[in-house]
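Summary of structural features
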Amino acid sequence: AASPSVSDPSYSRRMCYHFLNLTSRSFARVIQELDAELRHPICIFYLVLRGLDTVEDDMTIPLERKKEVLQNFHKSIYQRGWTFTENGESEKDRELLVKFDVVVNEFLSLKESYQTVIADITKRMGHGMSDFVSRPLQTDKSIHHIEITTKADYNLYTHYVAGLVGIGLTELFVASGLERPSLGAPHNIELANEMGQFLQKVNILKDFLEDLGEGRVFWPKEVWSKHVPKGAPAEALAKEENIARALACLNELVVDALEHVPNCLEYMSCIQNQTVFQFCAIPQMMAIATLDRFFNDPTLFRTTGTKIRRGLAVKLMLKSGDMDSVKRTYEQYALSINRKNAQRVGTNEQDDSFLKVSTTCA
Ligand code: PS7
Ligand code: MN
Ligand code: MN
Ligand code: MN
Ligand code: MN
Ligand code: MN
């Protein structure tokens, strides 16, 4: 049922910004700095996908029900009054879905061209997420596992949950007239996909221990299985006696993420609007700073919740103004990662990815 004041148009708009500021630290800020034409559509795009992800992340929703909700989410956003109350009490953004009618209201108030992009991406992401929700283990039917076996699976999953965001955002930038139509050409759409994949891969690397605690492993098995004792599960990476193997695995996946950087830089060099540029560049700069923070760092396997320092985040925002400044920052991080890599030479910490780190940083 609709909230009592949901017919008051300013109420649903205010509630959306309330939720944006509750659910996201970094995106809330960059979204609200956007030119007015895009600020509201992208705020609503964010909240729609945050709602979808709150369904994906909840391990208490029965498997078949979860798949149905994920696949139909793109239709739910057209149903005035739609809410979702089946999340577990402990789900972080449960409130957003309980009051989702405010997001639906605002979605329906957007220009049709914006609605079409948001609904199309929501449909593709919801089906992709649903494909990756695998059958529960026979032992415990309530636990849904995600199976990322090959590096191709890893690339496909990150395409669904983040690459599609980059693609949809690009379509919104073009639809607004703030960016040139050529930004939407097939080559740039592939670059936009990699912009999202890069952010998502860094999130997956950073959250290894947190996700493991929730029963999910997003690191591709093809990679981690090479680094654990034969037949051992991914949990073995979090054992202190395996720390050298865990670092070798991490470093191999850091290289995989770094390989997206040249295409991300090419994408950013195509942006002409100042606020769109900073909206794109700030999360990318935070991501490469995070990669540098965690490269070859055992902390990632010992404690959850480590982030880059707040002061560093502020410093990065100040350096996000133009492409030359962004490139200088990237150079600094590539040099830093390469320096840490070189320090491993001749120690027992050296591993197979040494040469690849060196060439990728170069
Ligand atoms: C700019 C071309 C619409 C701005 C921004 C909500 C973060 C939540 O947080 O592990 O650890 O629980 O469950 C490309 C953002 C990609 C996506 C994906 C940049 C929508 C964002 C829903 C493209 C962000 C990548 C799940 C899915 O991970 O997260 C340009 C706007 C961008 C939302 C992100 C997140 C996926 C996610 P957590 P999870
Ligand atoms: Mn999530
Ligand atoms: Mn998720
Ligand atoms: Mn279908
Ligand atoms: Mn995560
Ligand atoms: Mn999480």
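For the structure itself, look to the data block above.
Computed from a predicted model, the values in this text were never measured in an experiment. Just so you know, the residues in each chain are numbered from 1, in the order the chain's sequence is written. Naming scheme: in the order in which they are written, chains are lettered from A and ligands are numbered from 1. Totals for whole chains, interfaces and linings use every residue, but because this is a predicted model, local features are given only for residues with pLDDT of at least 70 and side-chain atom pairs only at 80 or more, for both listing and counting. Side-chain numbers come from the whole structure's heavy atoms, not from hydrogens or water.

**Things to note about the coordination of the manganese ion (ligand 3)**
- Within the protein, the atoms that donate to the manganese ion (ligand 3) are Asp53 (OD), Glu56 (OE) and Asp57 (OD), at distances of 2.1 to 2.2 Å.
- For Na, K and Ca the donor cut-off is 3.2 Å, while for other metals it is 2.8 Å, and in both cases only N, O and S atoms qualify; water is not among them, so sites may look incomplete. Positions of the donor residues of the manganese ion (ligand 3) along the chain correspond to the pattern D-x2-E-D.
- Between the manganese ion (ligand 3) and the manganese ion (ligand 2), the interatomic distance is 3.4 Å, and Asp53 donates to each metal, bridging them. Of this pair, Asp53 and Glu56 both sit in helix α3 (residues 36-57), three residues apart, which is roughly one turn of that helix. Both residues of the pair, Asp53 and Glu56, count as buried. Working definition: helices are DSSP H or I runs of at least four residues, strands are E runs of at least two. Numbering for both runs from the N terminus. Residue exposure (1.4 Å probe, protein chains only): buried if accessible area is under 20% of the type maximum, exposed if over 50%, otherwise partly exposed.

**A closer look at unusual backbone geometry**
- Of note, Asn296 is a non-glycine position whose phi angle comes to about 60 degrees, a positive value.
- What makes Asn296 buried here is its relative accessible area of 14%.

**Things to note about the state of the cysteines**
- Any two cysteine sulfur atoms lying within 2.5 Å of each other are counted as a disulfide. With the rule as written, the count across this model stands at zero disulfides.
- Cysteine Cys16 is unpaired, with the sulfur of Cys43 as its nearest cysteine sulfur at 5.7 Å.
- On the basis of relative accessibility, which here comes to 0%, the residue Cys16 falls in the buried class.
- Cys280 takes part in no disulfide bond, and the closest cysteine sulfur, belonging to Cys264, lies 10 Å away.
- Among the residues examined, Cys280 registers a relative accessible area of 9% and is labelled buried.

**Some words on the pattern of salt bridges**
- Should a side-chain nitrogen of Lys or Arg be within 4 Å of a carboxyl oxygen of Asp or Glu, the pair is scored as a salt bridge. A complete count under the given rule lists 18 salt bridges for this structure.
- Note that Glu37 is salt-bridged to Lys111, the shortest N-O span being 2.7 Å. Of the two residues, Glu37 is situated in helix α3 and Lys111 in the loop between α6 (101-109) and α7 (112-132); the sequence distance between them amounts to 74 residues.
- Since its relative accessible area comes to 32%, Glu37 is described here as partly exposed.
- Salt-bridge contacts for Arg216 lead to Asp57; the nearest nitrogen and oxygen are separated by 3.4 Å. Of the two residues, Arg216 sits in the loop between α10 (208-213) and α11 (221-227) while Asp57 sits in helix α3, which places them 159 residues apart along the sequence.
- Arg216 sits in the buried class, given a relative accessible area of 7%.
- When salt bridges that share partners are traced, they join Asp57, Glu214 and Arg216 into one network.

**Observations concerning the site of ligand 1**
- To be near a molecule or strand, a residue needs just one of its heavy atoms within 4 Å of it. The environment of ligand 1 is made up of 21 residues, and the closest members are Asp53, Asp57, Gln200, Asn203 and Asp207.
- In the environment of ligand 1, an oxygen atom lies 3.3 Å from a nitrogen or oxygen atom belonging to the side chain of Asp57.
- Whenever a nitrogen or oxygen atom comes within 3.5 Å of another N or O atom, the pair is scored as a polar contact, on the condition that within protein one atom can donate a hydrogen and the other can accept it, and that pairs from neighbouring residues in sequence are kept only if both atoms are in side chains. Measuring from an oxygen atom of ligand 1, one finds a side-chain N or O atom of Asp207 at 3.1 Å.
- Calculation on ligand 1 without its partners gives an accessible area of 870 Å², and the protein chains cover 93% of this total.
- Here the shell around ligand 1 gets six residues from one element, more than from any other, and that element is α3.
- When residue character is reported, Ala, Val, Leu, Ile, Met, Phe, Trp, Tyr, Cys and Pro are called nonpolar, Asp, Glu, Lys and Arg charged, and the others, Gly included, polar. A class-by-class count of the residues in the shell around ligand 1 yields 13 nonpolar, four polar and four charged. All accessible-area figures derive from a Shrake-Rupley calculation using a 1.4 Å probe, and residue coverage is judged against the displayed protein chains alone.

**Considerations on the coordination of the manganese ion (ligand 2)**
- Protein coordination at the manganese ion (ligand 2) comes from Asp53 (OD) and Asp57 (OD), with a distance range of 2.1 to 2.2 Å.
- Owing to a relative accessible area of 24%, Asp57 belongs among the partly exposed residues under this scheme.

**Quick look at the environment of Phe45**
- Its place among the elements puts Phe45 in helix α3.
- The class of Phe45 is buried, set by a relative accessible area of 2%.
- Considering only alpha carbons, one finds Phe45 and Val103, 58 residues apart in sequence, at a separation of 9.4 Å.
- Contacts of Phe45, omitting those with residues within four sequence positions, involve Ile118, Ile121, Val165, Gly168, Leu169 and Leu172. Note on contacts: a residue pair qualifies if any of its non-hydrogen atoms lie within 4.5 Å across the two residues.

**Details of the packing of aromatic side chains**
- Only Phe, Tyr and Trp rings are paired, with Trp represented by its six-membered ring, and only when their centres lie within 6.5 Å; those with planes under 30 degrees apart are stacked, over 60 edge-to-face, the remainder tilted. Per the stated rule, a full pass over the model turns up 13 aromatic pairs.
- Here Phe208 and Trp219 contribute two aromatic rings whose centre-to-centre distance is 4.4 Å and whose plane-to-plane angle is 45 degrees, an arrangement assigned as tilted. One end of the pair, Phe208, is in helix α10; the other, Trp219, is in the loop between α10 and α11, with 11 residues separating them in the sequence.
- What makes Phe208 buried here is its relative accessible area of 3%.

**Considering the nonpolar core**
- In this description, a nonpolar core means a group of buried Ala, Val, Leu, Ile, Met, Phe, Trp, Tyr and Cys residues linked to one another through side-chain atoms lying within 4.5 Å. The biggest cluster of nonpolar side chains holds 122 residues, and the ones touching the most others in it are Phe73, Phe173, Trp219, Met268 and Phe301.
- Broken down by element, the residue count for this core peaks at 13 residues, all from helix α14 (residues 274-294).
- Ignoring sequence-local partners within four residues, the contact set of Phe173 consists of Leu38, Ile42, Leu178, Glu179, Leu183, Tyr267, Val276, Phe279 and Cys280.

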